[in-house]
Amino acid sequence: LLNASFFNAVTGAEVQADYWIVFHYLFLRHMQLCSIFILMSVMSVVLCLFLAFHLYITANNMTTNEFFKWKSVRRWHKKEKQKYEQSLQYMNMDDASKKTNNNDSPSHVIPGELSDVDVGCIGPTGELLRQSSASSVSDCEVIDPGELPTNIYNKGIIANFKEVLFPYSFRDEAMQRYRMSLLNQRDSSKESEGKPKTI
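Right, let's walk through the structure included here. (Residues numbered from 1 in each chain as written. Predicted model: local features only at pLDDT ≥ 70, side-chain atom pairs only at ≥ 80, totals over all residues. Heavy atoms only, no water.)

1. Some words on the overall build of the protein chain
The following threshold applies: Helix and strand definitions follow DSSP, with helices as H or I runs of at least four residues and strands as E runs of at least two, each counted in order from the N terminus. The buried label applies to any residue whose accessible area, calculated with a 1.4 Å probe on protein chains only, is under 20% of its type's maximum; exposed applies above 50%, and partly exposed to all values in between. Areas reported as accessible are Shrake-Rupley estimates using a 1.4 Å probe. Residue values count occlusion only from the protein chains shown.
In terms of regular secondary structure, the protein chain is built from six helices and four strands. Going from N to C terminus, the protein chain has its helices and strands arranged as β-β-α-α-α-β-β-α-α-α. When the 199 residues of the protein chain are sorted by exposure, 12% land in the buried category. Summed over its atoms, the accessible surface of the protein chain is roughly 16900 Å², and 62% of this surface lies on carbon and sulfur atoms.

The following block contains the structure:
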């Protein structure tokens, strides 16, 4: 169709074929097929993304539920780490301001007392603002969250895919334990059938 000649229905002029004109032609002549083709193209992209997501979580040996839990753990860890670093900064600022106040303060100023300059019509400024922000941080206990925890079930990409393709429940030792449990159940049921029932 790219070598075919098309004519404009309004002007009658000959139009050289390109992809857009061929698409218009096919869509007008074969609307159902073109609609299905467009739908299948969109669905193939969606399915490819779905497959990529599941390959990713399989490579990390996670279920979908665990993926979202780990995502929330990472978000929590990042937020707690920021809180911890902010509290360290406030503590360092508070220590630095105490040192400068002790060195620069005259003898008649009581430690911890603020001058009238720090309090204005717009609220606390300067040292008072630093003290209030530091006290608000120290009011709630802030602890170091440490390193981000790791997924203990992640054994590497090859081992993770091997575990999915050959689950532990189908391996020889698991099948032997299953057969032994069936034999034990049969033996216990035979013993219970031989005993007289008590009322």
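And the narrative resumes.
2. Quick notes on the packing of aromatic side chains
What counts is decided by this rule: Here a pair means two rings of Phe, Tyr or Trp (six-membered ring of Trp) with centres within 6.5 Å. Their orientation is stacked below 30 degrees between planes, edge-to-face above 60, and tilted elsewhere.
The tally for this structure, following the rule as stated, stands at five aromatic pairs. Between the aromatic rings of Phe 53 and Phe 67, the centroid separation amounts to 5.0 Å while the plane-to-plane angle is 85°, which identifies the pairing as edge-to-face. Separated by 14 residues along the polypeptide, Phe 53 in helix H2 (residues 31-59) and Phe 67 in helix H3 (residues 64-104) bring together distant segments of the chain. With a relative accessible area of 23%, Phe 53 lands in the partly exposed category. For Phe 67, a relative accessible area of 14% translates into the label buried. Measuring from ring centre to ring centre gives 5.1 Å for Phe 67 and Phe 68, while their planes differ by 80°; the resulting arrangement is edge-to-face. Judged by its relative accessible area of 46%, Phe 68 is partly exposed.

3. Concerning unusual backbone geometry
In this model, Asn 61 sits at a positive phi of 55°, which is unusual for a non-glycine residue. One can find Asn 61 in the loop between H2 and H3.

4. Quick word on a nonpolar patch on the surface
Basically, it comes down to this: Exposure above 30% relative accessible area and no salt bridge define the residues that can form patches, which grow by joining like charges within 9 Å and nonpolar side chains of Val, Leu, Ile, Met, Phe, Trp and Tyr within 5 Å. Note on definitions: salt bridges are taken to be side-chain nitrogens of Lys or Arg within 4 Å of carboxyl oxygens of Asp or Glu.
A cluster of nonpolar side chains, contributed by Trp 20, Phe 23, Phe 37, Ile 38, Val 42 and Val 46, occupies part of the molecular surface with about 620 Å² of accessible area. Of all the elements in the fold, those that place two or more residues in the nonpolar patch are helix H1 (19-29) and H2. The element best represented in the nonpolar patch is H2, accounting for four residues.

5. As for the environment of Ile 143
Its location among the elements puts Ile 143 in the loop between helix H4 (127-139) and helix H5 (157-165). The exposure class of Ile 143 is exposed, given its relative accessible area of 51%. Along the sequence, Ile 143 and Lys 81 sit 62 residues apart, while their C-alpha atoms lie 8.7 Å from each other.

6. A closer look at the packing of H2 against H5
The criterion, for reference: Axes here refer to lines fitted to C-alpha atoms; in helices the fit is confined to the stretch in contact. Angles between the N-to-C directions go from 0 to 180 degrees. Any angle that falls under 35 degrees is termed roughly parallel, while one over 145 is termed roughly antiparallel, one within 65 to 115 roughly perpendicular, and all others oblique. Here, two residues are considered to be in contact whenever any of their heavy atoms come within 4.5 Å of each other. Three classes are used: nonpolar for Ala, Val, Leu, Ile, Met, Phe, Trp, Tyr, Cys and Pro, charged for Asp, Glu, Lys and Arg, and polar for all others, with Gly counted as polar.
Between H2 and H5, whose axes approach to 8 Å, the crossing angle comes to 105°. Between H2 and H5, the angle falls in the class roughly perpendicular. In contact with Leu 55, Thr 58 and Ala 59 of H2, H5 contributes Ile 157, Asn 160, Phe 161 and Val 164. Of the residues contributing to the contact of H2 with H5, the split by class is five nonpolar, two polar and no charged.

Just geometry here; none of it tells us what the structure is for.
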